[in-house]
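# A structural walkthrough
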Amino acid sequence: MHLLTAILLLRLPGLLCGPSVTYSSTRVCGLKGSSVVLPCTYYYPWGHIYQGGEWQKEKRGRVREHSNSKYPDCSLNIENLSDEDSGVHRFRFYTTLYLSWITGSSAVSLSVTDLQVKEDAVAGNQNQTKVSCSTSCSLGSQYVWYKNGKTLQGKTTSSILLDSTRASEKGNYSCSVRGHEAHSSSAVCVPRKQCWSVAYSSTRVCGLKGASVVLPCTYQYPWKDTYQRGEWYEEQRGRVREHSSSKYPDCSLNMDNLSDEDSGVYRFRFQTNLHSSWITANSAAILSVTDLQVKEETVEENQNLIKVSCSTSCSLGSQYVWYKNGQTLEHKTTASMQLDSTRPSEEGSYSCAVKGHRSPAVCVPAEQCWGVAYSSNSICRLKGSSVDISCTYKYPRDQSINTTFWFNHQKTSNHPIDLHLDKDYQNHTEYIGIERNNCTLTLKDIRESHSGEYSFRFITGWGQGFSGLPGVNITVTALQVFITPEAVTEGERVTLTCDTTCIMTNPIFAWYKNGQPVTYKHTTRDNKLHLDPVSSEDAGSYSCAVKGHESLSSNAVFLNVRYVPRKISLSISPGETEEGSSVTLTCSSDANPPVHTYTWYMKNGAESLVRGTGESISFNVTSDTSGLYYCVAQNELGSQNSTDAAVPSEGPEVVMMLVASISMFTFLALILGMVLLRKKIAKTTGDGRFTDANMQSDSGLVYSTVTARATTSDPAQSITTHDQDNVQYATVQINLSKRQEVPLYSTVQMPQTSAQDDDVAYASVQFQRGSAVTRAEDDSVIYSTVHKP
């Protein structure tokens, strides 16, 4: 009884007022990236049976189908809000007694906003700055403020005041709505003119596999600073792409042909002259890559209904397009739809698409349908290689297969033609599907003309044909090497990129220089070879290949490394010069680009005088042109000097005359010394140490060197000084055999003393014979050289 009463009370508004739709709030503001609920209730009279309902958006059509499981609640929950969700939304339904749509007179207006920090000067106080957490609609919540990534306690209003004169209040400010802290605004540097910052307008981005996506980003730095370099990097893989400042302050990253490997956490960072360390943001751009899959499930409330969904791993926030047996289903724009499995007309092959990218087809219901499934809908292969297109197909159990073949859409879209019958594919195809339901195809030695969409088609014994649409896109690419920057100077950084026109699956690249593997430089995990710093030894022809396909390498590209002149050498021709003769000076060097100017200089004291230009100069040798010369080699990068080279004015005859003069002077000095020495020796004959009787002519030759010491303890060698004159005696006794005839050469070396320059040296020489001797005039020749250091 109580249950019946409750049901009657629940149906009472419907009994009294008829079917209706009401909204408890007609204006809803949602935060981008968060979730929102559009509140709604609906009623229908007792005796009506609910047939179906849906939410619609103006100018877009159906948003989502509705089931009757939560009657009378018809609220719409929208997750991961985007700008495309903004608009006017209405709920409508119909029953067995009301076959036309039942809707309310009002609607729900949904506004989607993001958070932005804005900076404004306070009127009347230029030292104060108002920082606001700006939205395009009212969220009606408390706010959370952050400075340099840390929460500011006690700041809960939508705006705060800062004192621009306090250095402690400068920093990066961001905000969020309480309860939605995960969806904070991008950080803004305050005051802007004195800060470095990076900001992302969206920190979560969902991209479709094979499509393109943009990671939105802006950066700033003070006007007095200069940008040096920047880059995007992924937390796990490192650098993704270098960045130039040509679009300042935009630093957005555009990524094409997305794959699962592109998913990750991305950050932008940059450096300036005044800020040599990397500048980045606390937040990041999180990219999720999803593919489209059609999924089939039974509706719990009605086992005859099948729910078909276009499933993704992240929200794309876009309209959907549905296909049945390759034909577009009009007015089907939501992520899911319901089919009646009891109706044969609704059986078929279903697929969905978003932004021009289409899912593989799925047969609904699975056991009663036609279908072709491919393991991949897009394949990238190198020119000259082979590719396997894996494929399976199915058909109703009561059918038999008569014909199977593959075709290329670009050539035979209206009337499919078997590839085996196409001349362009002779010796390039092999059908390797040997098991039932296996339709795998191999393309061999593929060319760029083989790029296109390939589909499998089969025809039953009853003449019914089915094509697996969409097919598999094959892209044939050749490898190309690009050098960045194109003009590189020794000492700079250069990057070589092995580029393809499509994305290959986990390729490992190999690099070659002049046909030999590059082993002395680091090859990154991507398709780039970094030479940092580059040297002239790195110059050469570079090519790349994919490991496993080394024979399919790219064309070689020459890396030209420029450098200033070096190894400057100067040569003189002829090697010997004399006054009045002609001489040629030649300068040579190693430079890239080649030297455009040689300049010649002659040193004149501390100055250098220009003597000409050109690789060589010639002139006659005179006293004015002789001296030290050097050349300066210059190209567009810089200059370098040679070493000095002397150009003398004295010829060989002059030198020989000078040598002869010196020799003659030395000879005359020796003769004069010998005469003086002989006179002094003659004076010593009266001291009894030797007489003429002891001397006779000898034909032998005796060399004797005697060094006299300044002082000695030997009384026989003592030195007596009279006035300022030092007299030194050196005594040499030579015992000669009876028959020797000796010209005597005696060298007496005197050490330096403090005596005056007129010191007198005496040399006493005694000759003793071995037998009786008679005094006679000695015809021996005595040469005595006295060295006085």
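A brief look at the structure comes next. Small disclaimer: the values here were computed from a predicted structure and weren't measured. Along every chain, residues carry numbers that run from 1 in the direction the sequence is written. Since the coordinates come from a predicted model, pLDDT governs what is reported: local features require at least 70, and pairs of side-chain atoms require 80 or more to be given and counted, while whole-chain, interface and lining totals use all residues. For side-chain calculations, the full set of non-hydrogen atoms in the structure is used, while hydrogens and water are omitted.

Criterion used throughout: strands pair if DSSP finds at least two bridges between them. Secondary structure counts use DSSP, requiring at least four H or I residues in a row for a helix and at least two E residues in a row for a strand, with both numbered from the N terminus. Overall, antiparallel pairing links the three strands, which are arranged S11-S12-S15 in an open sheet. Strands with a single pairing partner mark the edges of an open sheet, and in this sheet they are strand S11 (116-122) and strand S15 (159-163). For this sheet, the mean angle separating the axes of adjacent strands, direction not counted, is 25°. Sheet topology places strand S12 (residues 125-134) next to S15; five bridges connect them, and they run antiparallel. In the strand pairing of S15, Ser132 is matched with Ser159. Here, axes are lines fitted to C-alpha atoms. For helices the fit covers the stretch in contact, and angles between N-to-C directions go from 0 to 180 degrees.

Note that soluble globular proteins tend to have their nonpolar side chains buried in a common cluster. Throughout this description, the term nonpolar core refers to a set of buried Ala, Val, Leu, Ile, Met, Phe, Trp, Tyr and Cys residues connected via side-chain atoms within 4.5 Å. Remark: exposure states derive from per-residue accessible area (1.4 Å probe, protein chains only) relative to the maximum for the residue type, with buried under 20%, exposed over 50%, and partly exposed in between. Ranked by internal contacts, the top residues of the largest apolar core, which has 23 residues, are Val372, Ile389, Trp406, Leu443, Tyr454, Phe456 and Phe458. For this core, the secondary-structure elements that each account for two or more residues are strand S35 (371-374), strand S37 (387-389), strand S38 (391-394), strand S41 (441-443), strand S42 (452-460) and strand S44 (472-477). Whether two residues touch is decided by their heavy atoms; if any such pair falls within 4.5 Å, the residues are in contact. In contact with Phe458, not counting residues within four places along its chain, are Trp370, Gly371, Val372, Tyr393, Lys394, Tyr395, Ile401, Thr403, Thr404, Gln464, Gly465 and Phe466.

With respect to topology, five strands assemble into an open sheet ordered S19-S26-S25-S22-S23, the strand pairing being mixed. Each end of this open sheet is capped by a strand with a single partner; those strands are strand S19 (204-208) and strand S23 (238-243). Going from strand to strand, the sheet's axes swing by 30° on average, the running direction of each strand aside. As defined by bridge partners, strand S22 (residues 227-234) adjoins S23 across five bridges and the pair is classed as antiparallel. Paired with Trp232 across the two strands is Arg241, which belongs to S23.

What follows is about the environment of Val240. You can see Val240 is positioned in strand S23. In this structure, the C-alpha to C-alpha distance between Val240 and Tyr266, residues 26 residues apart in sequence, is 8.8 Å. Discounting residues that sit within four places of it in the chain, Val240 has contacts with Trp232, Tyr233, Glu234, Tyr266 and Lys528.

Quick look at a nonpolar patch on the surface now. Together, Met664, Phe667, Leu668, Ile671 and Val675 line one region of the surface with nonpolar side chains, adding up to about 470 Å² of accessible area. Take Met664: it is sitting in helix H3 (residues 652-683). Distance thresholds for patches are 9 Å for like charges and 5 Å for nonpolar side chains (Val, Leu, Ile, Met, Phe, Trp, Tyr), applied to residues having over 30% relative accessible area and no salt bridge. Under the convention used here, a 1.4 Å probe and the Shrake-Rupley method define accessible areas, while residue burial counts only the protein chains that appear. Any Lys or Arg side-chain nitrogen located within 4 Å of an Asp or Glu carboxyl oxygen qualifies as a salt bridge.

Turning to the pairing of strand S31 (residues 336-340), a few remarks are in order. A large share of S31 lies buried, amounting to four of its five residues. With five bridges joining them, strand S28 (residues 302-311) and S31 adopt antiparallel strand pairing. Bridge pairing in S31 places Val308 opposite Met337.

One ladder, built from five bridges, connects strand S2 (residues 27-31) with strand S10 (residues 108-113); its direction is parallel. In the sheet register, Val28 faces S10, and the bridge partner there is Leu110. Across three bridges, the pairing between strand S8 (residues 87-95) and S10 is antiparallel. Paired with Val88 across the strands is Ser109, a residue of S10.

This brings us to the packing of aromatic side chains. Stacked, tilted and edge-to-face are the three classes assigned to paired rings of Phe, Tyr and Trp, where Trp is represented by its six-membered ring and a pair needs centres within 6.5 Å; plane angles under 30 degrees give stacked, over 60 edge-to-face, the rest tilted. Counted according to the given criterion, the structure contains 37 aromatic pairs. Note on Tyr23 and Trp55: the rings are 6.0 Å apart at their centroids and 50° apart in plane angle, and the pair reads as tilted. On the criterion of sequence distance, the pair formed by Tyr23 in the loop between strand S1 (20-22) and S2 and Trp55 in strand S5 (residues 50-57) is long-range, its members being 32 residues apart. A residue is classified by how much of its surface remains accessible, and Tyr23, at 10% relative accessible area, is buried. Taking the centre distance of 5.9 Å and the plane angle of 50° together, the rings of Tyr374 and Trp406 count as tilted. Here Trp406 lies in strand S39 (residues 401-408) and Tyr374 lies in strand S35, a separation of 32 residues in the sequence. Judged by its relative accessible area of 15%, Tyr374 is buried. Here the aromatic cluster, defined as three or more aromatic residues joined through ring pairs, consists of Tyr23, Tyr42, Tyr44, Tyr50, Trp55, Tyr71, Phe91 and Phe93. Positioned above the aromatic ring of Trp278, the side-chain terminus of Arg269 is 4.4 Å from the ring centre. Note that Arg566 overlies the ring of Tyr563, its terminal NZ or CZ placed 3.9 Å from the centroid. Put simply, a charge is over a ring when the Lys NZ or the Arg CZ is close to the ring centre, within 6 Å, and near the line of the ring normal, within 35 degrees.

As for its position among the elements, Thr290 is in strand S26 (residues 285-290). Classification of Thr290 by relative accessible area gives buried; the value is 2%. From its side chain, Thr290 meets the backbone nitrogen of Ser313 in a polar contact 2.8 Å long. The contacts of Thr290, once residues within four sequence positions are left out, are Cys206, Gly207, Leu208, Lys209, Thr312, Ser313, Cys314 and Leu316. Residues adjacent in sequence count toward polar contacts only when both atoms are side-chain atoms; beyond that, a polar contact is any pair of N or O atoms within 3.5 Å, and within protein one must be able to donate a hydrogen and the other to accept it.

Turning next to unusual backbone geometry. Following Tyr71, the chain continues into Pro72 via a peptide bond in cis, with omega recorded as 5°. Note on placement: Pro72 falls in the loop between strand S6 (61-66) and strand S7 (76-78). Cis geometry is found at the peptide bond from Asn592 to Pro593, where omega equals 0°. Within the element layout of this structure, Pro593 appears in the loop between strand S54 (582-592) and strand S55 (597-604). Phi is positive for Asn257, close to 50°, though the residue is something other than glycine.

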